[in-house]
Amino acid sequence: MWSRGIDSLIPVTEQIAFMLDPEKSEFFRVQWDAAVSVVGKLMEADPQLIPKRMRVREFPNEEQIAQLRKLAK
């Protein structure tokens, strides 16, 4: 789960869930590889962790969210 405003370590998995509004439980999921093509620059690998995790400090902007929604499953 990648949430707005939260510095997180997310595991490398098949899908990433993007939490838009926790109060309404509004989120969507995108296949990992497809999401990386849009927001990979916002991810930083932490080489010390096993299993592999990516640090995400910044939530995708509105343009990126629109692109990700088109890829959502």
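Everything here concerns the structure above.
Residues numbered from 1 in each chain as written. Predicted model: local features only at pLDDT ≥ 70, side-chain atom pairs only at ≥ 80, totals over all residues. Heavy atoms only, no water.

## Let's talk about the sheet that holds strand E5 (residues 43-46)
Taken together, the 3 strands give an open sheet; going across it, the order is E2-E6-E5, and neighbouring strands pair in antiparallel fashion. Each having just a single partner strand, strand E2 (8-11) and E5 make up the two edges of the open sheet. Within the sheet, the average angular offset between the axes of one strand and its neighbour, ignoring direction, is 40°. Each of E2, E5 and strand E6 (53-56) touches helix H1 (residues 32-39); the most contacted strand, E5, lies at about 120° to it. (Pairing = 2+ DSSP bridges. Helix = DSSP H or I, 4+ residues; strand = E, 2+ residues; numbered from the N terminus. Axes fitted to C-alpha atoms, helices over the stretch in contact; angles between N-to-C directions. Contact = heavy atoms within 4.5 Å.)

## Thoughts on unusual backbone geometry
With an omega dihedral of 0°, the bond running from Ile50 to Pro51 counts as a cis peptide bond. A positive phi angle, near 50°, is found at Ser25, a position not held by glycine. Looking at the element boundaries, Ser25 is found in the loop between strand E3 (15-21) and strand E4 (26-31).

## As for the packing of aromatic side chains
Tallied over the full model, the rule gives 2 aromatic pairs. Ring pairing ties together the aromatic residues Trp2, Phe18 and Phe28, which thus form one cluster. (Phe/Tyr/Trp six-rings, centres within 6.5 Å; stacked < 30°, edge-to-face > 60°.)

## Description of the sheet that holds E4
Ordered in space as E1-E3-E4, the 3 strands form an open sheet in which the pairing is mixed. Each edge of the open sheet is held by one strand with a lone partner, namely strand E1 (2-3) and E4. Of the strand pairs in this sheet, E3 and E4 are connected by 6 bridges, and their pairing is antiparallel. Paired with Ile16 across the strands is Val30, a residue of E4. Lying on the sheet, H1 is in contact with E1, E3 and E4; it crosses E4 at an angle near 100°.

## Structural notes on the environment of Ala35
Here Ala35 shows up in helix H1. Distance in space between the C-alpha atoms of Ala35 and Ala72 is 9.0 Å, their sequence separation being 37 residues.

## Structural notes on H1
Looking only at H1, the buried set comprises Trp32, Ala35, Val38 and Val39. The buried residues of H1 occupy an angular sector of 125° when projected down its axis, which confines them to one face. In H1, those exposed residues whose orientation departs by more than 90 degrees from the buried face are Asp33 and Ser37. (Buried < 20%, exposed > 50% of the residue type's maximum accessible area, 1.4 Å probe, protein only. Arc of directions from axis to C-beta.)

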